[in-house]
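Fold and contact review
Each chain, letter by letter, is given below.
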Amino acid sequence: MRIGAIEAGGTKFICGIGNEQGVIQDRVSFPTERPERTLANVIAYFKDKQVEAIGIGSFGPLNIDPESPYYGYITSTPKPGWGNYPLLNTLKNEFDVPYGWDTDVNAAAYGEAIWGAARGLDSCVYYTVGTGIGVGVYSEGKLIHGLVHPEGGHVLTRRHPQDEFAGHCPYHRDCLEGMAAGPAIEARWGRKGSELPADHPAWEIEAFYIGQAVSSVILMLSPKKVILGGGVMHQEQLFPLIRKEVLHNLNGYVQSDQLLAQIDAYIVPPGLGDNAGLAGALALGLKAVEQA
Ligand code: ADP
Ligand code: ZN
């Protein structure tokens, strides 16, 4: 089978072709410009590829309600040109195939559940910590959408006692994303996260915030695996710090061996590495074929 996959990001678009084993056979990437230009690139890429379906994991917020006339739109993003943009319809007008359509993070959670760190499990939560913070939720064998879709990057947080940073979210100021996404780290310390040494105090503060979010998600959704991806999570020293925060916050209350004895295998990086998003989109495309 030849399935098309699109990881539609706010910074770059990645398009690829893969098969039902999750093998990505070809991929290209281009910067996210205005939508007409970006979609022209996407359409040119798939033009002669003869794909049987296309799966899309997109930055949002999105409309993923199949009953809505605005299904397939990117909705309220401040990104110039992309607000109320009918991304899915633009592709449907070009390629008459089944489509999978979901948030980038739901796609990544799904890809991880099929082929990655949560393979064989019927639930996982996927966080991306990058330019923003997003959360994808797979539960009882299904991606969760609910009213709109989860927006767990914007949950409110308790402040680190030594942190005087005001917060960087234009909507909520000191929500999780406002305190812990890549741009917040850069604004707090005056240097990009990638330029801070592994023993810099930034990482303890970062783990304090991510650890809060992860403890809350464990209490709220009881996922069988928590996967942390995105550019900031390339700082591998964060993983032990976050696990420690989570154990501290839960304080023995949640009685599970996965947490109490095997947390190193419970809070993990993506099994698919930086392919999680594209492989997730591929998995959405495959699902669309099965359901067609
Ligand atoms: P996006 O969220 O745009 O899809 P990324 O997941 O790569 O892309 O996130 C980009 C953000 O992550 C930027 O704010 C960048 O400074 C930060 N970042 C990227 N790589 C690293 C790294 N190795 N260490 C710390 N921060 C990083
Ligand atoms: Zn916010």
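These lines cover the structure that appears in this document, whether it is placed above or below.

Definitions and cut-offs
- Residues numbered from 1 in each chain as written.
- Chains lettered and ligands numbered in written order.
- Predicted model: local features only at pLDDT ≥ 70, side-chain atom pairs only at ≥ 80, totals over all residues.
- Heavy atoms only, no water.
- Donors = N, O, S within 2.8 Å, 3.2 Å for Na, K, Ca; no water.
- Tetrahedral: all angles 85-135°; square planar, octahedral: opposite > 155°, others 65-115°.
- Buried < 20%, exposed > 50% of the residue type's maximum accessible area, 1.4 Å probe, protein only.
- Pairing = 2+ DSSP bridges.
- Helix = DSSP H or I, 4+ residues; strand = E, 2+ residues; numbered from the N terminus.
- Contact = heavy atoms within 4.5 Å.
- Axes fitted to C-alpha atoms, helices over the stretch in contact; angles between N-to-C directions.
- Core = buried A, V, L, I, M, F, W, Y, C linked by side-chain atoms within 4.5 Å.
- Near = heavy atom within 4 Å.
- Polar contact = N/O pair within 3.5 Å; in protein donor to acceptor, adjacent residues only side chain to side chain.
- Areas by Shrake-Rupley, 256 points an atom, 1.4 Å probe, with all protein chains shown as cover.
- Expected span 1.5 Å × (residues − 1).
- Salt bridge = Lys/Arg side-chain N within 4 Å of Asp/Glu carboxyl O.

Let us look at the coordination of the zinc ion (ligand 2). Coordination of the zinc ion (ligand 2) by the protein is provided by H154 (ND1), C169 (SG), H172 (ND1) and C175 (SG), with metal-donor distances spanning 2.1 to 2.4 Å. Coordination at the zinc ion (ligand 2) is tetrahedral, judged from the four donor atoms that bind it and the angles of 102 to 119° they form at the metal. Judged by relative accessible area, which is 0%, C175 ranks as buried.

Now for the sheet that holds strand β7 (residues 133-139). An order of β8-β7-β6-β9-β10 is seen for the five strands of this open sheet, with the pairing classed as mixed. In this open sheet, the two strands that pair with only one neighbour each are β8 (142-143) and β10 (267-268). Relative to β7, strand β6 (residues 124-129) runs antiparallel, the two sharing six bridges. Paired with V129 across the two strands is I133, which belongs to β7. The strands touched by helix α3 (residues 104-115) within the sheet are β6, β7, β8 and β9 (226-229), with β7 carrying the most contacts at an inclination of about 45°. Along the sheet, helix α6 (residues 202-221) contacts β6, β7, β9 and β10; its crossing angle with β6, the most-contacted strand, is approximately 155°.

So, about the nonpolar core. Residues Y127, V214, L228, I242 and I267 are the most contacted members of the largest nonpolar core, which totals 38 residues. Secondary structure elements with two or more residues in this core: β6, β7, α4 (176-180), α5 (182-189), α6, β9 and α7 (238-250). Of all hydrophobic cores here, the second largest spans 27 residues; its members include I17, I43, L88 and L91.

Next up on the list: the site of ligand 1. Around ligand 1 sit T11, G130, T131, G182, P183, G193, S194, G230, G231, V232, H234 and Q235, and those are all the residues in its vicinity. Take T131: an N or O atom from its side chain is 2.7 Å from an oxygen atom of ligand 1. Take G231: an N or O atom from its main chain is 2.8 Å from an oxygen atom of ligand 1. With the chains in place, 68% of the 570 Å² that ligand 1 exposes on its own is no longer accessible.

This part is about the sheet that holds strand β5 (residues 99-103). One open sheet accounts for five strands, arranged β3-β2-β1-β4-β5; its pairing is mixed. The open sheet is flanked by β3 (24-31) and β5, the only strands paired with a single partner. The sheet shows a mean angle of 15° between the axes of neighbouring strands, taken without regard to direction. Where strand β4 (residues 53-58) lies against β5, five bridges are found, and the strand directions are parallel. Residue pairing for β5: I56 is matched across the bridge by W101. Most of the contacts of α3 go to β5, to which it runs at about 110°, and overall it touches β4 and β5.

The end-to-end C-alpha distance of helix α9 (residues 276-291) is 22 Å, a good match for the 22 Å that 16 residues give at a rise of 1.5 Å each. Burial analysis of α9 places twelve of its 16 residues in the buried class, which makes it a mostly covered element. When α9 is considered as a whole, its buried residues turn out to be A276, G277, L278, A279, G280, A281, L282, A283, L284, G285, L286 and A288.

This paragraph deals with the pattern of salt bridges. By the definition in use, this model includes eight salt bridges. In this structure, D174 engages R159 in a salt bridge whose closest nitrogen and oxygen atoms are separated by 3.4 Å. In this pair, D174 sits in the loop between β8 and α4 while R159 sits in the loop between β8 and α4, placing the two residues 15 residues apart along the sequence. Take D174: its relative accessible area is 24%, and that puts it in the partly exposed class. With a shortest N-O distance of 3.6 Å, E186 and K192 are connected by a salt bridge. Overall, the relative accessible area of 34% leaves E186 in the partly exposed class. For K192, a relative accessible area of 42% puts it in the partly exposed group.

By themselves these figures say nothing about function.
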